[in-house]
There are 2 protein chains.
Amino acid sequence: MGVRFTNAYVQSPICGASRMCFYTGRYASSHGAQWNGFPLRVGEQTMGDHLRKLGMACWLIGKTHMKADAEGMARLGLSADSQIGARQAECGFDTWIRDDGLWAQGPDGFYDEKRSPYNEYLNAKGYEGENPWADYANAGVDDDQIASGWMFRNADKPANIREEDSETPWLTNETIAFMEQTKGPWCAHVSYIKPHWPYIVPAPYHNMYGKNHVPQAKRSAVERENPHPVFGAYMENKIAQAFQRDEVREKVIPAYMGLIKQCDDQLGRLLDHLEQTDTLKDTMIVLTSDHGDYLGDHWLGEKDLFHEPSVKIPMIIFDPRAQADAARGTTCDALVESVDLAATFVEAAGGEVPDHIIEGRSLLPWLRGETPDWRDYAISEYDYSATPQAVKLGLAPRDARLFMVFDGRYKLIHAEGGFRPMLFDTQTDPDEFDDLAKGDSHAEQIERLYGMLAQWGRRMSQRVTRSEQDIINMRGRSGRLGVLPFMYDGSEVPEELTQKYRGPVGQVYAKDDPDT
Amino acid sequence: MGVRFTNAYVQSPICGASRMCFYTGRYASSHGAQWNGFPLRVGEQTMGDHLRKLGMACWLIGKTHMKADAEGMARLGLSADSQIGARQAECGFDTWIRDDGLWAQGPDGFYDEKRSPYNEYLNAKGYEGENPWADYANAGVDDDQIASGWMFRNADKPANIREEDSETPWLTNETIAFMEQTKGPWCAHVSYIKPHWPYIVPAPYHNMYGKNHVPQAKRSAVERENPHPVFGAYMENKIAQAFQRDEVREKVIPAYMGLIKQCDDQLGRLLDHLEQTDTLKDTMIVLTSDHGDYLGDHWLGEKDLFHEPSVKIPMIIFDPRAQADAARGTTCDALVESVDLAATFVEAAGGEVPDHIIEGRSLLPWLRGETPDWRDYAISEYDYSATPQAVKLGLAPRDARLFMVFDGRYKLIHAEGGFRPMLFDTQTDPDEFDDLAKGDSHAEQIERLYGMLAQWGRRMSQRVTRSEQDIINMRGRSGRLGVLPFMYDGSEVPEELTQKYRGPVGQVYAKDDPDT
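So, here's what we can say about the structure. (Residues numbered from 1 in each chain as written. Chains lettered and ligands numbered in written order. Predicted model: local features only at pLDDT ≥ 70, side-chain atom pairs only at ≥ 80, totals over all residues. Heavy atoms only, no water.)

Overview of the pattern of salt bridges
One pass over the full model with this rule turns up 76 salt bridges over all chains. Residues R162 of chain B and D165 of chain B are paired through a salt bridge, measuring 2.8 Å at the closest nitrogen-oxygen approach. D165 of chain B gets classed as buried once you look at its relative accessible area, which sits at 2%. Between R368 of chain B and E347 of chain B there is a salt bridge, and its shortest N-O distance comes to 3.7 Å. Remark: E347 of chain B occurs in helix α13 (residues 340-348) and R368 of chain B occurs in the loop between α14 (364-367) and β15 (378-383); sequence separation between them is 21 residues. Sharing partners across several salt bridges, the network here consists of D355, R463 and E468 of chain A together with D383 and R398 of chain B. (Salt bridge = Lys/Arg side-chain N within 4 Å of Asp/Glu carboxyl O. Buried < 20%, exposed > 50% of the residue type's maximum accessible area, 1.4 Å probe, protein only. Helix = DSSP H or I, 4+ residues; strand = E, 2+ residues; numbered from the N terminus.)

Listed below in structure tokens is the structure:
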């Protein structure tokens, strides 16, 4: 129904930072919320700011991973319970429902800061206890004991919950309720937590897939030979070590596939609802993700680094309008960045993209079958300053940062902190096993990609108070406002312009004694 | 009495952008107010924010060239007449008095947006008319007619005003009144407009200097041979063409010297006041400027580009404390940037420099006679997107940007928009006549300096909501907060950590049928 973008990349392969890039349309280094739990600075503009100016509401249904800049809000006197403050605290969204889906309890409290509305739903549905998210939705049963989804061993068990009460259908219910109750043009961020860990899914999804569906891990012994130190450190982390074990992949990947299948089915419910209410024709739909998952590829688990399984995302855009018929059902191989979506939405809402704020570019031309001039490279960043890997490598927080620059064929990864780069040729080595920067070769490619990174580093990302058009309008304006300096005697300009500088003296105070 | 820094550079050789760098301690590309009249974005933190946290007030007396981010303030619901709003509108200062000193009137209104308190002072003193700033303080008399200071021809005339009523003494009066009326620790930005144009000074300063004091212009014919296109465009602007004329230099420079001498004398009044009130021993004093002035050097006038007369500034720091005795009366040749002052003030006020926000470094170690590890290069930037030069060169606003990187010897200037760079060797060519990038030589130096610029481009400038220490404290914290993922069966960790994942099942909902 739409266009599938085959080369879409996140600007940071980690939930929070990536999401802030989607929401602001800006690179992680531009908005500064570079890791989970790093607050998005107060005043940073988001999709919500841009769309509301165009008369379109902007709603959150599900996860954001946003942490409010409480200190910045206090500095500006913004209260979290004012409308402005609430939007600042929720990266620009109005909140239909927020649920970050990690209702994990430890000795210092809950990982998620806010009370989960999903837990309240479960309690109301008869699932008892303080944390039915953990005890039912994300756990199976083993001999009358809770078999926690936190343990990979339990991933093949069915979650101990009615399927229709599990997280993904619940968020679909909320989305349908939202659509039924909300009038006027809106943008809704329908943000499912799953297939995020804990990896466990209710029946019938828990055994739709089995060992026989688990693909070979994309990994090679050569990757472990003299690896880049950052890659090496990541290969030794807990999640990586877990996914290096076949029994982990064989337990988890079928559950992961079941979780995705459940999401697909729930998207089907949403599409059915749109069709039944005759609103599909008015609704643009974007399917995407905040990052991928290694699941054992490259000897890694989760995300964090820049191999394709981590940094590349699915992206399908359905635009119901006739102009989009030209490309409907096709794929597009252009280098797409997640920051492009904010720009796409602004244009779809009838606005002009404020390109002094939003760094992405509208994808609408591709949907119309056009072939616009496009970027030569995609950038992604990763700030691992708060991780055990940074500690292991002995890095100060500001040096624990990675940058990817990918030109569609070559992928360069630069690491601050004095390390060599990494380089992959995805044409000759689509699996990204051979780090070409291990040797002394490919200096020319490395230099060329570093040149792109340098150009990006000089980008204009903070001149957010003046648009390109504002500046064009300013050109030559100071004269009109009355400053007319740099004349010797006024004969340089028409007399009427200097009239204001002339006239009879009111009183003489000057003591002009050229001889002293 | 203090240390004179002989290699101090502004981060942008233009008033407004430079000042915002001083006030924020951040590069122009980091705070975004990259040219005069580009508002400093709401929420950007300044000296005022940092110092007030330490119990030190932060006051403005004079010029800032700040333009408030009215749109951003409205978006956050900040009113300019609230205390928070007023500080946002005045780059973090509390305003004792603001006067930008360009009370120029044109058909569309006044150049300065606010009513000048100086004009009110002059009216009260008997100088009549709507704009005595223009008609008296910045004008002489010629045959009973106003001889405007806007015309260089009149620069050798005495301003038609009592010396004690002219701008510089008036601001000194205000500063003394401020000191008399203000208790508690404060930082005061005493910001004289002069020796800024209009170039005219009251007696006796108007003829203290004459033609014989005017130095030869530092300019060479070789500079006009195949100049860099941006330099070429600037050499053709109005101010440059004016200062290429000997009669302009001979009129203006003696007045300029008189204006500086008047500033010196007024600084003397401030020092006298501090001595008389026995407060000099409690007062740190910094003398500096927001940029230099070509005054005909390099065929240019005013500032804008990166030759030493424009980008290098005077900087003397007097610290009364005993620790500063070690270096008192000496000079320091370290590469100092204007952003260092905000850091210096924070440390002087007893704080730790928030180096995730302030990009400069405290200069206090130099005052104590230490030789800290220091930067290898200074950066300056110039955004000329709103100028006639950008129009002439056919540049889009985002391409009309220059970057200087100076390592203490070599100075590279990069111009966006596809131009070649400029390169000077200030050791063999201290006058910066020979642009070494004109030929094909010096590729190695150019590459080396581009590497520095690239490193700077990757700097971490927006991660302002998390300090280095915050991040160090975060390391390993997610486990404590209750997320303990990536276990196969829990045997990987002590049993008490997984206790929360165990327990008897309340009710069984799971339908586990492994055969279906």
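Next comes the rest of the account.
A short note on the sheet that holds strand β18 (residues 422-425) of chain B
All names here are of chain B. A sheet is described by the order of its strands in space; here 4 strands give the open sequence β15-β16-β17-β18, paired in antiparallel fashion. Two strands close off the open sheet at either side, each with one partner strand: β15 and β18. The sheet shows a mean angle of 15° between the axes of neighbouring strands, direction not considered. Pairing between β15 and strand β16 (residues 401-406): 6 bridges, direction antiparallel. Note on β16: the bridge partner recorded for I379 is V405. In the packing of helix α16 (residues 443-457) onto the sheet, the strands contacted are β15, β16, β17 (410-415) and β18, and the crossing angle to β17 comes to about 65°. (Pairing = 2+ DSSP bridges. Axes fitted to C-alpha atoms, helices over the stretch in contact; angles between N-to-C directions. Contact = heavy atoms within 4.5 Å.)

Quick word on the relation of the copies chain B and chain A
One copy of the chain maps onto the second through a rotation around an axis plus a translation along that axis. Take chain B, turn it by 180°, move it 0.0 Å along the axis, and it overlays chain A with an RMSD of 0.1 Å. The transformation relating the two chain copies, once decomposed into turn and shift, fits a two-fold axis. When the interface residues of chain B are mapped onto chain A, 100% of them again fall at the interface, so both copies present the same face. (Least-squares fit on C-alpha atoms with pLDDT ≥ 70 in both.)

Some remarks on a negative patch on the surface
On the surface, a cluster of negative charge is made up of E444 and E447 of chain A together with E444 and E447 of chain B. Counting only elements with at least two residues in the negative patch, the list comes to α16 (443-457) of chain A together with α16 of chain B. Classification of E447 of chain B by relative accessible area gives exposed; the value is 53%. (Patch = residues over 30% accessible without salt bridge, like charges linked within 9 Å, V, L, I, M, F, W, Y side chains within 5 Å. Areas by Shrake-Rupley, 256 points an atom, 1.4 Å probe, with all protein chains shown as cover. Lys, Arg positive; Asp, Glu negative; His and termini not counted. Charge placed at Lys NZ, Arg CZ, Asp CG, Glu CD.)

Considering helix α6 (residues 117-124) of chain A
All names here are of chain A. Three or more residues of α6 are buried, namely P117, Y118, N119, Y121 and L122. Packed against the buried residues of α6 are β4 (94-98), α7 (132-137) and α8 (167-181). The distance from a side-chain oxygen at the start of α6 to the backbone nitrogen of Y118 is 3.1 Å, and the residue carrying that oxygen is S116. One or two steps after α6, the chain reaches G126, where phi turns positive at roughly 100°. (Polar contact = N/O pair within 3.5 Å; in protein donor to acceptor, adjacent residues only side chain to side chain.)

Quick look at the interface of chain B and chain A
Contacts between chain B and chain A engage 128 residues on the former and 128 residues on the latter. Where chain B abuts chain A, roughly 10,800 Å² becomes buried across the two surfaces, and 57% of that area is made up of carbon and sulfur atoms. Sorting the residues of chain B by area buried against chain A places R458, F486 and Y488 of chain B first, and these three jointly supply 9% of that buried surface. Between the two partners, chain B and chain A, sit 12 salt bridges. Here R458 of chain B and E416 of chain A are joined by a salt bridge, their closest N and O atoms 2.5 Å apart. (Buried area = accessible area lost by both parts, 1.4 Å probe.)

Examining the state of the cysteines
Residues and elements named next belong to chain A. Tallying each qualifying case throughout the model produces 0 disulfides over all chains. Free cysteine: C21, not disulfide-bonded; nearest cysteine sulfur from C91 at 12 Å. Accessibility expressed as a relative area gives 0% for C21, which makes it buried. (Disulfide = S-S within 2.5 Å.)

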